[in-house]
Amino acid sequence: MSRAQTVNHHKIIFTGPVGAGKTTAIQSLSDAPIVSTDAKAQDMTAQRKQTTTVAMDYGIMHLSDNERIHLYGTPGQERFDFMWSILTDGGIGLILLLDNTRQAPLKDLAFFLNAFRDFIAKTSLVIGVTRADLKTTPYLDEYHQELDRVGIRAPVFQVDARSRDDVSLLVQALLYQLDPGLSE
Amino acid sequence: MKSTTGTPFKIVTLGMEQKAIDTLEMVLRGPGGDWCRLSAADSADAAILEGDRVGALTLFDQHRRQYPLRPIIVLSVREIRLKQAISLKKPFKIDELMTALRQARQALDQPVPEQPVSPAVAPPVAAPAVPEQPQPKSSVPVTPAPAPPPKAAAAAPTASPDAAPVPSVRSRTKAASEPHRTHDAAQALETELPRDLCGYAPDVDLNDTTALKTVFYDPAQHLQGSLHSALRATREQNAAASVTTIYRAIILVPSRRCCHIPMTERQLRALSVMPLSRPPQWQTLSPLEQREALKQVSEANPLSGLENMLWRVALWTARGRLPLGIDLDAPVRLKHWPNLTRLPLTPQALRIAALWDRTPTSLRNTPTLLAVPQRYVFAFYSACAALDLVEHSAPAAQPPSSDPVPQRGLFKRILNVLRRAA
């Protein structure tokens, strides 16, 4: 392939429990319709969603003709956690979406922080709390207390996964964490 | 003719071809009198939309959603009537364009250069004044015609020659955390949103003791001080508080992270800005008194988010300054990031937050390190301090590095794409 045809690929990973809004958030940012492998939900997932992502979501942002950002959404169910390390390999950073209406969002937070600990240590993490308008607790300072407990620092924002502005701000915060010197 | 106002009126173009943009720029700099400049979307005061391109109305709607109170001048061969838009029919003369720009500037209550008004420009189509009403979550808020702020309530201009009479706010009042996000949005739209939350004061020499005095303000002499005194006391008692104002009492309910503000956004801003000879009185409310006080909560005047209110009051009061007594040389550390998706964003907020989160840095050094105006840093600090998000730490073992991160180029390209499509 000639130099003129070389395409540079980078990726940002979205993760979180079932129904947190990963698919929707990627859709908000993607330049192309996302590829989503949804299957009819079974088990406990069915109570929260009709479909759930069995493998992963994929979206793309075109920075230029020869540079792309791949947006990967991990499958939300734990039995697919073997995929997570594959997906994160080489990623810029992690966006963790947590659904505030779930039974134990703080436990969800602890779980995903542990699952992605190595990747977070090497890169960067931003947390988006969805559906906080439907259920106001836990409050954001409780999420921060959990982060303090495990010694991880990360922005925590309330987001609407359908809002491009909100999801864009998550990505921006991710980048600025990696490089505060980045100018606007 | 040069602008007499000092501050260029910034314009973003929407849907225009590069050739047209280049021509427009030449006109603005030359025969237009050089009081307008082209700018990026985020920093613009007004927009000019090419109304004859495919998708023009979609572009208009998108921009209106993003910047609800920004005047938009629509260029078209047809007469187009859109809410809060100034229609300019093609072909038009330069002075007709300049008249439209003056109307846009007047709509923002900014002073305009004196020029004769051309009769050829269609008047702006202003939406009818909309009383405060909660809106369905999915609807686009209607933008009422902005009324000029009462003179007494206007923020006092700073000593800077380019100070605007009313600083602007781009308020992120979607406030999903708040139980009444639509009310917060309606509140923000009810008055004219100032453009800049940080005031207009130029940087000062922080080694000059005389100049240094202009950098600080005393929260205790403002509404802000009373709010914080009330909150400090009531949090310990797990109670609510009532803060008396010249309008009506503000009710604070810290246990529910909410408050009731029975006044307009403009009134609250006016109260925040004015130094007071006597700070507003406050009192703790018993549970019965709290219930009585909150009976005035209604659909038209619901509860608001406490954090959002404190943040805005701090920004209005500070206007790019620091609370009295802050050490400029003690490194600042963020306890944690503010909820920036639900708070009015000040310029460079993300960068400042990222720096203070990663490497505690003094208020003296932060503007230099990030190459940003002092007022941006100080405004952000004051707002974070109002939410108790900042602390002063010991100096870092190593000063923050200004060396570029290897992926900086990539990150810049990502940011450009994110902002371009916003």
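Residues numbered from 1 in each chain as written. Chains lettered and ligands numbered in written order. Predicted model: local features only at pLDDT ≥ 70, side-chain atom pairs only at ≥ 80, totals over all residues. Heavy atoms only, no water.

A.B. asks: Quick question: what am I supposed to make of the overall build of chain A here?
C.D. replies: The secondary structure content of chain A amounts to six helices and seven strands. For chain A, the α and β elements follow one another from N to C terminus as β-α-β-β-β-α-β-α-α-β-α-β-α. Here the analysis covers contacts within chain A between residues at least 6 apart in sequence; of these, 68% occur between residues at least 24 apart. Carbon and sulfur atoms make up 49% of the accessible area of chain A, which totals about 8,000 Å². (Helix = DSSP H or I, 4+ residues; strand = E, 2+ residues; numbered from the N terminus. Contact = heavy atoms within 4.5 Å. Areas by Shrake-Rupley, 256 points an atom, 1.4 Å probe, with all protein chains shown as cover.)

A.B. asks: Can you help me understand the pairing of strand β1 (residues 9–14) of chain B in this one?
C.D. replies: Residues and elements named next belong to chain B. Where β1 and strand β2 (residues 36–38) come together, three bridges link them in parallel fashion. The residue of β2 that forms the bridge with F9 is C36. Note: β1 against strand β3 (residues 46–50), four bridges, orientation parallel. Among the inter-strand pairings, T13 is bridged to a residue of β3, identified as I48. (Pairing = 2+ DSSP bridges.)

A.B. asks: Hey, could you run me through the interface of chain B and chain A in this one?
C.D. replies: Accessible area lost when the parts come together is the quantity often used to give the size of an interface. Listed by partner, the interface residues are 43 residues for chain B and 43 residues for chain A. Together chain B and chain A conceal approximately 4,100 Å² of surface at their shared face, both sides included; 56% is due to carbon and sulfur atoms. At the boundary of chain B with chain A, the tally comes to five salt bridges. Between R413(B) and E67(A) there is a salt bridge whose closest N-O contact spans 2.4 Å. Taken together, the connections running from chain B to chain A amount to eleven residue pairs in polar contact (both at pLDDT 80 or more). Taken together, the elements giving at least two residues each to the side of chain B that touches chain A come down to β13 (332–334), α10 (349–358) and α13 (408–420) of chain B. Per-element tally for the side of chain B that touches chain A: the top contributor is α13(B), with ten residues. Taken together, the residues of the side of chain B that touches chain A break down into 20 nonpolar, seven polar and 16 charged. (Buried area = accessible area lost by both parts, 1.4 Å probe. Salt bridge = Lys/Arg side-chain N within 4 Å of Asp/Glu carboxyl O. Polar contact = N/O pair within 3.5 Å; in protein donor to acceptor, adjacent residues only side chain to side chain. Nonpolar A, V, L, I, M, F, W, Y, C, P; charged D, E, K, R; others polar.)

A.B. asks: How should the pairing of strand β5 (residues 85–89) of chain B be read in this particular structure?
C.D. replies: The two faces of the sheet receive side chains in turn, since in a regular strand these alternate between them. All names here are of chain B. With four of its five residues buried, β5 lies for the most part within the structure. As paired elements, strand β4 (residues 72–76) and β5 share five bridges and run parallel to each other. Paired with L75 across the bridge in β5 is L88. (Buried < 20%, exposed > 50% of the residue type's maximum accessible area, 1.4 Å probe, protein only.)

A.B. asks: Help me out: how do you make sense of the pattern of salt bridges in this one?
C.D. replies: Pairing is possible between side chains of opposite charge, provided their charged atoms come close. Residue and element names in this part refer to chain A. In the structure shown here, the tally under the stated rule is 16 salt bridges over all chains. Here D99 makes a salt bridge to R131, at a shortest N to O gap of 3.0 Å. Here D99 is found in strand β5 (residues 94–99), whereas its partner R131 is found in the loop between β6 (125–130) and α5 (140–150), with 32 residues between them in sequence. In this structure R131 comes out as partly exposed when scored by relative accessible area, which is 33%.

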